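Chains, contacts and geometry: an overview
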Amino acid sequence: MTARILLLAGTAEARALAERLSALPGLGVTASLAGVTAEPLPIAAETRRGGFGGADGLARYLRQNAVAAVIDATHPFAAQMAANAAAACVATGTPRLKVLRPPWQPRPGWQVVADLDAAAAALPPGARVLLTTGRKEIAPFAARADVSFLLRVIEPVADLPPHIRQLVARPPFALANEIALMQAESATHLVSKNAGGPGRAKLDAAARLAIPVLMVARPDPPPGPVAATVEAAVAWVAETVAIGR
Ligand code: NAP
């Protein structure tokens, strides 16, 4: 018998897990994408796209598809999906693991802020900002017309105000490129979420150029087991799911 895993995706860890778990006998993996990216990187598992309709919709999905376990490998800042997954798994008695890469450790030159509103409020008038916090919550920065932003996004964003220009580019970014970009833009500040993981070249570049960083702290994950690595998540599946039994 095949045990079905629902893998909530949207990160490099989720892509790695799809590959690792799909290779295990007795396991069927369904990866789930929010559907916000028009051209996501390929995932080595059967993939569904779009929301479930809140925690209740996800609970229904888990029952209908006899899901044996949920691995929430969404981004550390995908707080709504994480909360929904936790609630749906409690409601259905489904084991759930949160995969959460370690955050970047604070460095000199960082100002840690609680959220994007606080980041926008902390910028001085006239600042020139490299904004790497994503396409979703632009409103706090749109309200700061006295600051000039370069918003880096993977796919273009429509209807930006004139003080927010965009740079469409897909990671990874090399340190030399990050330094060149910040210099070419005469950047005075970097605004980043504490995503953790491989995207730290921008932080190294800011440190080299003594550019202050406004670092948005992570939301707390829901209570429950957390794996910091793909390896640990694979081990959790092996322990938790009765594969082939
Ligand atoms: P979010 O605010 O936590 O979730 C908003 C809603 O989007 C959820 O309630 C759910 O809709 C749907 N959703 C989110 N992730 C989903 C998934 N993997 N599969 C199916 N539905 C999903 O999420 P977000 O911050 O917009 O992130 C969306 C996606 O982008 C996630 O897959 C995340 O890993 C990825 N991502 C996010 C960030 C970031 O900074 N937030 C950065 C890089 C990648 P329903 O309530 O209808 O189920």
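Here goes a summary of the coordinates provided. (Residues numbered from 1 in each chain as written. Predicted model: local features only at pLDDT ≥ 70, side-chain atom pairs only at ≥ 80, totals over all residues. Heavy atoms only, no water.)

**Regarding the packing of helix 2 (residues 54-64) against helix 3 (residues 79-92)**
To be explicit about the condition: The axes are straight lines fitted to the C-alpha atoms, using for helices just the contacting stretch, and the angles between their N-to-C directions are given from 0 to 180°. Strands are runs of DSSP state E lasting at least two residues, helices are runs of H or I lasting at least four, and both sets are numbered from the N terminus onward. Throughout, the term roughly parallel applies to angles under 35 degrees, roughly antiparallel to angles over 145, roughly perpendicular to angles from 65 to 115, and oblique to all others. Crossing handedness is read from the near helix: turned anticlockwise from the far helix by less than a right angle, it gives a left-handed crossing, and turned clockwise, a right-handed one. Here, residues are in contact when the closest pair of their heavy atoms is within 4.5 Å. Note on residue classes: Ala, Val, Leu, Ile, Met, Phe, Trp, Tyr, Cys and Pro are nonpolar, Asp, Glu, Lys and Arg are charged, and everything else, Gly too, is polar.
In the contact formed by helix 2 and helix 3, the axes pass within 8 Å of each other and the chain directions differ by 50°. For the element pair helix 2 / helix 3, the angle class is oblique. Classified by chirality, the crossing of helix 3 by helix 2 is right-handed. The residues of helix 3 that touch helix 2, namely those facing G54, A55, L58, A59, L62 and R63, are M81, N84, A85, A87, A88, C89, A91 and T92. Along the lines of polarity and charge, the residues of the contact of helix 2 with helix 3 split into ten nonpolar, three polar and one charged.

**Here we look at unusual backbone geometry**
Using the following cut-off: For every residue, the accessible area obtained with a 1.4 Å probe (protein chains only) is divided by the maximum for its type, and the residue is called buried under 20%, exposed over 50%, and partly exposed between those limits.
Omega for the peptide link from P171 to P172 comes to 10°, which places this bond in the cis form. Among the structural elements, P172 can be located in the loop between strand 9 (164-168) and helix 6 (175-184). Positive phi, close to 45°, is recorded for A66, a residue that is not glycine. Inspection of the secondary structure puts A66 in the loop between helix 2 and strand 4 (67-72). A relative accessible area of 59% means that A66 is categorised as exposed. Unusually for a residue other than glycine, A210 sits at a positive phi of about 55°. Checked against the element boundaries, A210 lands in the loop between helix 7 (201-208) and strand 11 (213-216). Taking relative accessible area as the criterion, A210 reaches 66% and is therefore assigned exposed.

**A few points about the packing of aromatic side chains**
Convention followed: Geometry of aromatic contacts follows a simple scheme: Phe, Tyr and Trp rings, the Trp one being its six-membered ring, pair when their centres are within 6.5 Å, and the pair is stacked under 30 degrees between planes, edge-to-face over 60, tilted otherwise. The rule for a charge over a ring is simple: NZ of Lys or CZ of Arg within 6 Å of the ring centre, and within 35 degrees of the ring normal.
Tallied over the entire structure, the rule returns two aromatic pairs. On the numbers, 5.1 Å between centres and 65° between planes, the contact of F52 with Y61 is edge-to-face. Y61 matches F52 in its accessibility class, with the two residues each being buried. Seen in terms of ring centroids, F141 and F149 are 5.4 Å apart; in terms of plane orientation they differ by 70°. Their pairing is edge-to-face. Across the pair, F149 and F141 agree in class, each one buried. Residue placement shows R48 over the ring face of F52; its charged tip is 3.9 Å from the ring centre.

**Digging into the sheet that holds strand 11**
Stated formally: DSSP bridges decide pairing: two strands pair if at least two such bridges lie between them.
Pairing is parallel in the open sheet, where six strands are placed in the order 6-11-10-7-8-9. Strands with a single pairing partner mark the edges of an open sheet, and in this sheet they are strand 6 (110-113) and strand 9. With direction set aside, neighbouring strand axes in the sheet form an average angle of 20°. Relative to strand 10 (residues 189-193), strand 7 (residues 128-131) runs parallel, the two sharing three bridges. Each bridged residue has a counterpart across the sheet, and for L130 the counterpart in strand 10 is L190. Its contacts with the sheet place helix 6 against strand 7, strand 8 (148-153), strand 9 and strand 10, and it is angled at close to 155° to strand 8.

**Points about the pattern of salt bridges**
Counted only if it meets this: Each salt bridge in this description consists of a side-chain nitrogen of Lys or Arg and a carboxyl oxygen of Asp or Glu lying within 4 Å of one another.
Here the structure, examined in full by the defined rule, presents ten salt bridges. Between R165 and E185 there is a salt bridge, and its shortest N-O distance comes to 2.7 Å. Note that R165 is positioned in strand 9 and E185 in the loop between helix 6 and strand 10, a separation of 20 residues in sequence. Accessibility expressed as a relative area gives 18% for E185, which makes it buried. Connected through shared salt-bridge partners, R128, R165 and E185 make up one network.

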